[in-house]
Amino acid sequence: MKKFYEVIVVGGGVAGVSAALSAKREGKSVLLIEKTSLLGGLATTGLINWFEPLCDGKGHQMLFSQVEELFNLALKYGYKTIDDNWQEKGLRKSSFFDHNLFALSLNKLLSKEGVDISYETTLSDVILKGQSVSLIEVLTVEGKKTLKAKAFIDATGNAFLFKKAGISIREGVNYLTYATTIYRNGVGRPTIQFSGASLDGKGHPEGMKTFNGNKQDDVNEYVSEAQLLCLKEYEEGKIKEVSMVPAMPQFRKIASIKGEYCLTSKDEGVHHKDSIGAFGAFNKPGALYEIPIGCLYSKKINNLYACGRIISSDDEGWEVIRVIPVAILTGEVAGLLGAYPKEEIQDKLMCRGIKIHF
Ligand SMILES: Cc1cc2nc3c(=O)[nH]c(=O)nc-3n(C[C@H](O)[C@H](O)[C@H](O)COP(=O)(O)OP(=O)(O)OC[C@H]3O[C@@H](n4cnc5c(N)ncnc54)[C@H](O)[C@@H]3O)c2cc1C
């Protein structure tokens, strides 16, 4: 690890991996900082092994470039459940994947492309100079270090960089969820099994509060309660087998930055001149969105960009942007923002085959 990079990406989930790859492919020196020892975030460490669709729900692919590349990589080592004729059969381009081998493959891909990765490294503070992030402080196995970059990308899943830089956030509400997996490498497909609440909160223990992933006490209680619930269900025989447990809290929504534009349900079917990507909602076939560039930054800080599940969004807008394929899309865009002025981004995206309008 050097002391200076052109682009530093914090958080090695799918969004951060995509951002690092994207900036590196533009010839920039890139450091990716990850607090665990695995890349992929919720999609690997968090055991979420279902890649939501790359299509619009009407037989047309919407997401290309690095989303398609990482989709293929995720499916490379098995558990592929997509029908090759998904277009003709009215299915969606989505699939289960092998989350363990996906994590190992992400490390191989970034290493091959020359991205420096600092594992077991946690961002702890941000130092501002005027309206820019000038330095970040990280905790490594050797202690505290200070790192400098021209541009910083927040891919933490909890907007830690933005919060530390003084940018306001919207806070997510989370029900108690604990997903474990029955994993038999190369056999059938990994079965993901849920204890507690489903997406809409059904199954949340009666009388229990909801959780805010920005508060340490809530994180502690959530992690502990979720594990206790899973163990109880195992002891009662409701869960027959547990071969993998998640190593990070499975909060769906923690923080969304208050950027220059907030994507909401009102944006369904709306065209935006400054779109950086179009996609189909995973939960409503035919519902299309375009993401305005302003969802990825705040004018208050010049050299800081967001990607993944923290981009500026609310209600249904937040719900549809937080899934794996869209997180990879916004990661790719953030990587370009780290390399070029905003005015040049749409041209760069189109050169990469990214669909910016539906
Ligand atoms: C229960 C549940 C079910 C889901 N189901 C699906 C599904 O079926 N299909 C789908 O497509 N999506 C699903 N999702 C959503 C999806 O998995 C995530 O929203 C998406 O993977 C987020 O990617 P990300 O890169 O933005 O963030 P994350 O995956 O959260 O990655 C953030 C990374 O940053 C690291 N990090 C955090 N803070 C720091 C720090 N201070 N310093 C250094 N590193 C840091 C973390 O360790 C992590 O690796 C689900 C989510 C949940 C919780």
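Rules used in this analysis
Residues numbered from 1 in each chain as written. Predicted model: local features only at pLDDT ≥ 70, side-chain atom pairs only at ≥ 80, totals over all residues. Near = placed C-beta within 6 Å. Helix = DSSP H or I, 4+ residues; strand = E, 2+ residues; numbered from the N terminus. Nonpolar A, V, L, I, M, F, W, Y, C, P; charged D, E, K, R; others polar. Expected span 1.5 Å × (residues − 1). Buried ≥ 20, exposed ≤ 12 C-beta atoms within 10 Å, placed from the backbone. Core = buried A, V, L, I, M, F, W, Y, C linked by C-beta atoms within 7 Å. Domains from an automatic or database assignment. Contact = placed C-beta atoms within 7 Å.

Visitor: Quick rundown of the site of the ligand? Include the residues and the values.
Guide: Close contacts around the ligand come from 36 residues, with Gly 11, Gly 13, Gly 41, Gly 157 and Gly 308 the closest. Those elements that provide at least two residues to the shell around the ligand are α1 (14–24), β3 (50–51), β6 (122–129), β10 (177–182) and α7 (324–337). Examining the composition of the shell around the ligand, we find that three residues originate from one element, α1, more than from any other. Tallied by class, the residues present in the shell around the ligand amount to 17 nonpolar, 13 polar and six charged.

Visitor: Please give an account of α7 that cites residues and values.
Guide: Structural remark: α-helix, 3.6 residues per turn; residues separated by three or four positions point the same way. The first and last C-alpha atoms of α7 sit 20 Å apart over 14 residues, in line with the 20 Å expected at 1.5 Å per residue. For α7, the tally of buried residues reaches 14 of 14 residues, placing the bulk of the element in the interior.

Visitor: Can you break down the nonpolar core residue by residue, with the values?
Guide: Of all hydrophobic cores here, the largest spans 106 residues; its most connected members are Ile 8, Ile 153, Leu 296, Ala 306 and Cys 307. The greatest single-element share of this core, amounting to nine residues, is contributed by α7. Domain assignment of the residues forming this core places at least three in each of domain 1 (4–171 + 254–351) and domain 2 (177–235). Setting aside residues no more than four positions away along its own chain, Ile 8 makes contact with Leu 31, Ile 33, Ile 136, Leu 147, Ala 149 and Phe 152.

Visitor: Let's hear about the environment of Val 126: which residues, and what values?
Guide: Within the fold, Val 126 resides in strand β6. Overall, the presence of 22 C-beta atoms within 10 Å leaves Val 126 in the buried class. In this structure the C-alpha to C-alpha distance between Val 126 and Phe 162, which are 36 residues apart in sequence, comes to 9.0 Å. Leaving out residues up to four positions away in the same chain, Val 126 has contacts with Val 133, Ile 136, Leu 161, Lys 164 and Ala 165.

Visitor: How would you summarise the domain arrangement of the protein chain if you had to cite specific residues and measurements?
Guide: Domain parsing of the protein chain yields domain 1 (4–171 + 254–351) and domain 2 (177–235). Contacts between the two partners involve eleven residues from domain 1, matched on the other side by ten residues from domain 2.

Visitor: So what's going on with the environment of Asn 49? Residues and values would help.
Guide: The residue Asn 49 is located in the loop between β2 (30–33) and β3 in this model. Look at Asn 49 and you get buried, because 26 C-beta atoms sit within 10 Å. Distance from Asn 49 to Arg 189, taken between C-alpha atoms, is 9.8 Å for residues 140 residues apart in sequence. When near neighbours in sequence (up to four residues on either side) are disregarded, Asn 49 contacts Phe 96, Phe 97, His 99, Thr 181, Pro 190 and Ile 192.

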